[in-house]
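Below, each chain spelled out in residue letters.
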Amino acid sequence: MRLTELARAGRRLAGAAGQAGRVALDVLLPPTCLTCDVPVEAPGQLCAECFRATAFITEPFCRRCGVPFVHAGQAGPARLCPTCLTHPPAFAAARAALRYDAQAKHMLLPFKHADRTETARTLARIMAGVGADLLRSADVLVPVPLHRQRLTARRYNQAALLALALARLAARPVLPDALRRVRPTAALGERGAAERIALMEGAIAVRPARAARVAGRTVLLIDDVMTSGATANACARALAEAGARRVDVLVAARVPDPRLD
Ligand SMILES: [Zn+2]
Ligand SMILES: [Zn+2]
């Protein structure tokens, strides 16, 4: 068994055995870097090499949707990207912590599919930095929902884990179940922007029992990865229909616009 598999099995056991079990297993299995096998001092850390390889999004980026520019000359009027100029999103502003490249995938895919839930705290710390302004003005944090079927298969919603970690860090209220998927949507993976928008049309709604908690509020939508923004747009539209005053978006990673690469 490779060290990561052993550690993963150990973490699952530790989760089952509770905190006492986790402490005992941590002694047996040193924590490893979030994206490789190198031992680190504490769970949820990146080793020095992986930290260096991580592409944090810094200026220049689109003022509206946060998509990174390779150089400032790519910004259009009002420092917007081509998409925001022609098809303004339903949200007011979005920020992303990392460029979604191969290195970010090493961190985000195990977080999504392989029980590496300790990644949430690390990502939340990075997101809290880039999203400090959005967090300050947010009345409530709301994660992008998973459909019930997918939630059962994965056992947790990675966006909700991020929202909970961010809420703790920024001392903001969080509504983990404000949004729901009305119907399952196929993976948006390889689809084009127009197809993504069509697929997400009416796929997300505010839970009636939560509508009063978003009406008149500034909502900060939280997700792990933003690609075209179709999902964030569908969520923002549902929240606006429920009366949200403003919807912003904070994500761990952003897929760069291929036209800007
Ligand atoms: Zn590493
Ligand atoms: Zn943009």
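So, how was this worked out
- Residues numbered from 1 in each chain as written.
- Chains lettered and ligands numbered in written order.
- Predicted model: local features only at pLDDT ≥ 70, side-chain atom pairs only at ≥ 80, totals over all residues.
- Heavy atoms only, no water.
- Donors = N, O, S within 2.8 Å, 3.2 Å for Na, K, Ca; no water.
- Tetrahedral: all angles 85-135°; square planar, octahedral: opposite > 155°, others 65-115°.
- Helix = DSSP H or I, 4+ residues; strand = E, 2+ residues; numbered from the N terminus.
- Pairing = 2+ DSSP bridges.
- Axes fitted to C-alpha atoms, helices over the stretch in contact; angles between N-to-C directions.
- Contact = heavy atoms within 4.5 Å.
- Buried < 20%, exposed > 50% of the residue type's maximum accessible area, 1.4 Å probe, protein only.
- Core = buried A, V, L, I, M, F, W, Y, C linked by side-chain atoms within 4.5 Å.
- 1 Å grid on protein atoms, 1.4 Å probe; cavity = no way out; pocket = protein on both sides within 12 Å on 5 of 7 lines; lining within 4 Å.
- Points joined across faces, edges and corners; volume = space filled by probe spheres on them.
- Nonpolar A, V, L, I, M, F, W, Y, C, P; charged D, E, K, R; others polar.

**Some thoughts on the coordination of the zinc ion (ligand 1)**
Protein coordination of the zinc ion (ligand 1) is provided by C33 (SG), C36 (SG), C47 (SG) and C50 (SG), with donor distances spanning 2.3 to 2.4 Å. What the four donor atoms of the zinc ion (ligand 1) show is an angle range of 102 to 115° at the metal, which sorts the shape as tetrahedral. Of note, the zinc ion (ligand 1) draws all its donor residues from one chain, in the sequence arrangement C-x2-C-x10-C-x2-C. With C33 in the loop between α1 (3–28) and α2 (48–53) and C50 in helix α2, the pair connects residues that are 17 residues apart, well separated along the chain.

**Section: the sheet that holds strand β2 (residues 140–143)**
Within the open sheet, the four strands sit side by side as β1-β6-β5-β2. Their pairing is parallel. Single-partner strands in this sheet number two, and they are β1 (93–99) and β2. Neighbour-to-neighbour, the strand axes of this sheet turn through a mean angle of 20°, independent of strand direction. The sheet contact formed by β1 and strand β6 (residues 246–254) spans six bridges and is parallel. Paired with A94 across the two strands is V249, which belongs to β6. Relative to strand β5 (residues 218–226), helix α8 (residues 158–170) is tilted by about 130°, and along the sheet it contacts β2, β5 and β6. The strands touched by helix α11 (residues 230–241) within the sheet are β5 and β6, with β5 carrying the most contacts at an inclination of about 160°.

**Some points on the coordination of the zinc ion (ligand 2)**
At this site the zinc ion (ligand 2) is bound by C62 (SG), C65 (SG), C81 (SG) and C84 (SG), with donor distances of 2.3 Å. Each of the four donor atoms bound to the zinc ion (ligand 2) contributes to angles spanning 105 to 115°, and the resulting shape is tetrahedral. In primary-sequence terms, the residues that donate to the zinc ion (ligand 2) follow C-x2-C-x15-C-x2-C. Using a relative accessible area of 0% as the deciding quantity, one classes C62 as buried. For C65, a relative accessible area of 6% translates into the label buried.

**Looking at the environment of T54**
Following the sequence through the fold, T54 ends up in the loop between α2 and α3 (82–86). Separated by 44 residues in sequence, T54 and L98 place their C-alpha atoms 7.4 Å apart. Setting aside anything within four residues of it in sequence, one finds T54 in contact with L46, L98 and Q103.

**A closer look at unusual backbone geometry**
Here the residue pair E59 and P60 is connected by a cis peptide bond, since its omega of 0° sits within 30 degrees of zero. By secondary structure assignment, the location of P60 is in the loop between α2 and α3. Phi is positive for A171, close to 50°, though the residue is something other than glycine. Within the secondary structure, A171 is located in the loop between α8 and β3 (179–181).

**So, the nonpolar core**
Within the largest apolar cluster, 38 residues are counted, with the highest numbers of intra-cluster contacts made by C62, C81, F91, L179, L221, L239 and V249. Mapped by element, the contributors of at least two residues to this core are β1, β2, β4 (204–206), β5, α11 and β6. Ranked by residues supplied to this core, first place goes to α11 with seven residues. Beyond its immediate stretch of four places on either side in the chain, L179 contacts V142, P143, P145, I204, A205, V206, R207, L221, C235, A238 and L239. The next biggest cluster of nonpolar side chains, apart from the first, holds 34 residues, and it includes I126, L135, L141 and A253.

**Details of the layout of surface pockets**
Here the second largest pocket defines a volume of roughly 590 Å³. Looking at the lining of the second largest pocket, the elements that each hand over two or more residues are α3, α9 (193–200) and α11. Its residues assigned to classes, the lining of the second largest pocket comprises 14 nonpolar, eight polar and six charged.

By themselves these figures say nothing about function.
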